[in-house]
Amino acid sequence: MGVVHTLHFVFGIFGNATALFLFLAPIITFKRIIQKRSTEQFSGLPYVMTLLNCLLSAWYGLPFVSPNNLLVSTINGTGAAIESIYVLIFIAFAPKKEKKKISALLLLVLAVFAAVALVSMLALHGNNRKLFCGIAATIFSIIMYGSPLSIIRLVIKTKSVEFMPFFLSLFVFLCGASWFAFGLLGKDPFVAIPNGFGFGLGTVQLILYAIYCDKKGLFTKKSTPDDSLEIGNEKSNGKSKLEQV
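Computed from a predicted model, the values in this text were never measured in an experiment. (Residues numbered from 1 in each chain as written. Predicted model: local features only at pLDDT ≥ 70, side-chain atom pairs only at ≥ 80, totals over all residues. Heavy atoms only, no water.)

All right, on to the layout of surface pockets then. Considered as a void within the structure, the largest pocket measures approximately 480 Å³ in volume. Among the elements of the structure, helix H1 (2-24), helix H4 (70-93) and helix H8 (166-185) are those that each provide at least two residues to the lining of the largest pocket. Counting residues per element, the lining of the largest pocket draws most heavily on H1, which supplies four residues. Classifying every residue of the lining of the largest pocket by side-chain character gives eight nonpolar, six polar and three charged. (1 Å grid on protein atoms, 1.4 Å probe; cavity = no way out; pocket = protein on both sides within 12 Å on 5 of 7 lines; lining within 4 Å. Points joined across faces, edges and corners; volume = space filled by probe spheres on them. Helix = DSSP H or I, 4+ residues; strand = E, 2+ residues; numbered from the N terminus. Nonpolar A, V, L, I, M, F, W, Y, C, P; charged D, E, K, R; others polar.)

Here it is in structure tokens:
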């Protein structure tokens, strides 16, 4: 039993470290936004949704909601602070229409989190509280991990990993693997399930990287209107979408 507890703690620490790299990955994007004083074609949606995921996961990991998951709270609390900075910077430099949209979405995210927190504290107790908060956190964790799916499609289509940085894919894999193991050892499906999804997604990205890393499949100059719509944010300096994980 002592070995299991030790491994549980070790995987939690490793998960904290790899998750931190994931949260810090968009720094390159925001350095560009600040320098150009424009959000260009970048989308603010992934940052707002990741903020909600971090808030809900941090709440779920608190001792009065879910015992033995404090490491989940520490990294997601840190992630919430980082994502808040991203969102505020995005709002500051976004065009007027986008500024209003992201500001409204931010208020909605805060309202959703407040509602979950209040319902869990005032109306639920024990396992019911853990179940309610766990389901909410799981849903948005899967949404966060699912954000690179469009990039995977793009890599297969173009036969190029130009838009899928190796180290970001690596940390999706390592972060998912660490928290998946943490959830299994702690017998917590609300940690294991979404991170098992992330682990699988990271594995797919690394396999694709191994297949296409030496190939130079680039976009053709005569892309169709559908192609332009499909790649959307990815075409801004070839970096947008995956950097918003």
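What follows covers unusual backbone geometry. In this structure, Arg37 is a non-glycine residue whose phi angle is positive, near 50°. Residue Arg37 is classed as exposed on the basis of its relative accessible area of 61%. In this structure, Lys187 takes a positive phi of about 55° despite not being glycine. (Buried < 20%, exposed > 50% of the residue type's maximum accessible area, 1.4 Å probe, protein only.)

Turning our attention to H8. Under the 1.5 Å per step criterion, the end-to-end length of H8 is 29 Å for 20 residues, consistent within 8% with the ideal 28 Å. Considered for burial, the residues of H8 that qualify are Leu168, Ser169, Phe171, Val172, Cys175, Gly176, Ser178, Trp179, Ala181, Phe182 and Gly183. Within two residues after H8, Lys187 carries a phi angle of roughly 55°, on the positive side. (Expected span 1.5 Å × (residues − 1).)

Membership of the largest hydrophobic core comes to 48 residues, with the highest contact counts inside it found for Phe30, Ile33, Leu56, Tyr60, Val87, Phe90 and Trp179. Of all the secondary-structure elements, those providing two or more residues to this core are H1, helix H2 (27-36), helix H3 (45-60), H4, helix H5 (96-122), helix H6 (126-146), H8 and helix H9 (189-212). Here the element with the most residues in this core is H4; it accounts for 11 residues. When neighbours within four sequence positions are excluded, Trp179 is seen to be in contact with Gly12, Gly15, Asn16, Ala19, Leu71, Val72, Ile75, Val191 and Asn195. Counting seven residues, the second largest nonpolar core, distinct from the first, contains Ile151, Ile152, Val161 and Leu201. (Core = buried A, V, L, I, M, F, W, Y, C linked by side-chain atoms within 4.5 Å. Contact = heavy atoms within 4.5 Å.)

Another point: the UniProt feature "transmembrane region" (unreviewed entry) in the chain. UniProt feature "transmembrane region" (unreviewed entry): in the numbering of this structure it lies at residues 6-30, 42-62, 74-93, 105-125, 131-156, 163-185 and 191-212. Secondary structure within residues 42-62 divides into 76% helix and 0% strand; the distance between the first and last C-alpha atoms comes to 33 Å. The span residues 191-212 is 100% helical and 0% strand by assignment, and the distance between its end C-alpha atoms comes to 32 Å. (UniProt positions renumbered as here; feature names shortened; annotations may be inferred.)

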